[in-house]
Amino acid sequence: MPTKTPKSTTAPEPNAAFNGADPAAFDHDQDGRPGGSAPAADAGAAAPNDTNAVRLPFIDPASGRTGAPLANDVFYGADCELRLGLMADKDTMPTAWWNLEFNRLAITPNRTMVKRPRIGAARDNKLDPLKARLGLERFTADLVVDGDTLMLGRWLRAFLGAPTTGAAVGGIYPHVWESGAKTEIYCAIAVRAGDDKVHVLKAVSLSSMSTQWGGENVQDFDIQTALMAINRTREDDWPSGTVTTVTTPAPILRGGLLINGTAADQVPSAGFTWDRNLQADAYANTGTAARLVSYLRPGSDPSHSGQATVRSFGTVYDVLGDGASNDTTDFSAEQRLIGVTTGHMVKLAHPTAQMAQLPLEIGEGVIERQLSWTGHQVAATPALTISLLNNVSSYA
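Residues numbered from 1 in each chain as written. Predicted model: local features only at pLDDT ≥ 70, side-chain atom pairs only at ≥ 80, totals over all residues. Heavy atoms only, no water.

**What about the packing of aromatic side chains?**
Then step 1. Counting across every chain of the model gives two aromatic pairs.
Then step 2. Taking 5.9 Å as the distance between ring centres and 50 degrees as the angle between the ring planes, the aromatic pair formed by Trp177 and Tyr395 counts as tilted. Highlighted residues: Trp177 in strand E10 (residues 173–178) and Tyr395 in the segment after strand E24 (385–390), separated in sequence by 218 residues. Each member of the pair Trp177 and Tyr395 is classed as buried.
Then step 3. The ring of Trp238 has Arg83 lying over it, and the distance from NZ or CZ to the ring centre is 4.0 Å.
Then step 4. The ring of Trp98 has Arg154 sitting right over it, with the charged end atom 3.6 Å from the ring centre. (Phe/Tyr/Trp six-rings, centres within 6.5 Å; stacked < 30°, edge-to-face > 60°. Helix = DSSP H or I, 4+ residues; strand = E, 2+ residues; numbered from the N terminus. Buried < 20%, exposed > 50% of the residue type's maximum accessible area, 1.4 Å probe, protein only. Lys NZ or Arg CZ within 6 Å of the ring centre and 35° of its normal.)

Here it is as structure tokens:
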């Protein structure tokens, strides 16, 4: 009788990139590592009705056990250089690049294998498998970047397209990105460690984005992003094109939370998550010699959520969720991260939100209130807006 392999009881090593937050909160695809997409957007997963398609397993050379594929390459900002470029479509490489700082980039390749059983083939080793047909390669990546009011704009431009930019006030321009667009947006990421080969991720799209901040780490908070890419190459040198370096970093100094425009007295912690449910599609292509082509598009079931711990008395926070009449009342939630540079700010806003679960009452023995909400669209109002205020005149 076969024996089951016992699960490891060793606790996972904390990920410093999450600033003390529980990494499981960001494990969107529940594969034991932060990032990734919702299960429906798993690029390497077999089609629901394709019983012959299986994923390439990861084999631990030490134990010989098989399991989920691990990150093929991991790069750290402390000893690597990274360049980001905008792509007009999934096939056209950038002609201009930005040299940006980053914390960590983990790239994981996935490729399906389709078994090809043949009946009546004459061979001696009849119980051995035949060579499988390899499917399209797809790549996922977990990228952690600093919540910097200058560099963050370049990442948002590459992942979400050009923002709506308003008129400057005192030399500060407001740039606003909205969720809900179905336009396919692609970028390219090139990274290099020392004088090694350059790893180039092509046709990269944003799958999900999240952050957690609170306490002292608000001054150095991170943005966690899960990405999907169509192709990857290793080059001897950097891709051609002009290179612009973002100058002096502009970090965050402090944060705050507003519910219906009212600021909380104290916010020990807060965070938000946006999952685009990105889909990886393969289709027949009669225009070239390639039989199949893959592309990425936002899915039809995205999710927006936020949470915060507040200490606030005698305000709108005290009546959230009180009584049946308020349990389903919409409200607005906005997290503000104020930069060290005067006038610089990041706003993560759910213009229309609903309590995901009722908060505990503030009363005897309870000084904090835990808030958890989900954002949704109403008419022309998106579920999420990301506003960036800085001295950059345009992200066109």
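Structure shown, so let's carry the discussion forward.
**Description of the confidence of the model for the protein**
Then step 1. In this model, the protein carries a mean pLDDT of 78, and residues with pLDDT of at least 70 account for 72%.
Then step 2. Across residues 1–68, where pLDDT falls below 50, the model places 94 contacts with residues more than four positions away in sequence or in other chains. (pLDDT = per-residue confidence, 0-100. Contact = heavy atoms within 4.5 Å.)

**Observations regarding the pairing of strand E4 (residues 73–76)**
Then step 1. Side-chain alternation along E4 places Asp73 and Phe75 on a buried face and Val74 and Tyr76 on a face that remains uncovered.
Then step 2. In the sheet, E4 pairs with strand E7 (residues 104–114) via four bridges, with the strands oriented antiparallel. By the bridge assignment, Val74 is partnered in E7 with Ala106. (Pairing = 2+ DSSP bridges.)

**With respect to helix H1 (residues 151–160)**
Spacing of three or four residues puts side chains on the same side of an α-helix, whose turn is 3.6 residues.
Then step 1. Among the 10 residues that make up H1, 10 are buried, leaving the element largely enclosed by the rest of the structure.
Then step 2. For H1, every residue scored as buried is listed here: Met151, Leu152, Gly153, Arg154, Trp155, Leu156, Arg157, Ala158, Phe159 and Leu160.
Then step 3. Positive phi shows up at Gly161, right after H1, with a value of about 90 degrees.

**Here we look at the environment of Ala383**
Then step 1. With respect to the helices and strands, the residue Ala383 is situated in the loop between strand E23 (369–375) and E24.
Then step 2. Separated by 78 residues in sequence, Ala383 and Ser305 have C-alpha atoms that sit 9.5 Å apart.
Then step 3. Beyond its immediate chain neighbours, meaning those up to four positions away, Ala383 contacts Ser179, His304, Ala349, His350, Pro351, Gly375, His376 and Gln377.

**Some points on the nonpolar core**
Then step 1. Counting 62 residues, the largest nonpolar core has Phe102, Leu105, Trp155, Phe159 and Ile189 as the members making the most contacts within it.
Then step 2. For this core, the leading source of residues is H1, giving seven residues.
Then step 3. Apart from the residues lying within four places of it in its own chain, the contact partners of Trp155 are Leu82, Leu84, Leu100, Glu101, Leu143, Val145 and Ile189.
Then step 4. Within the second largest apolar cluster, 14 residues are counted, among which are Val200, Ile230, Trp238 and Leu296. (Core = buried A, V, L, I, M, F, W, Y, C linked by side-chain atoms within 4.5 Å.)

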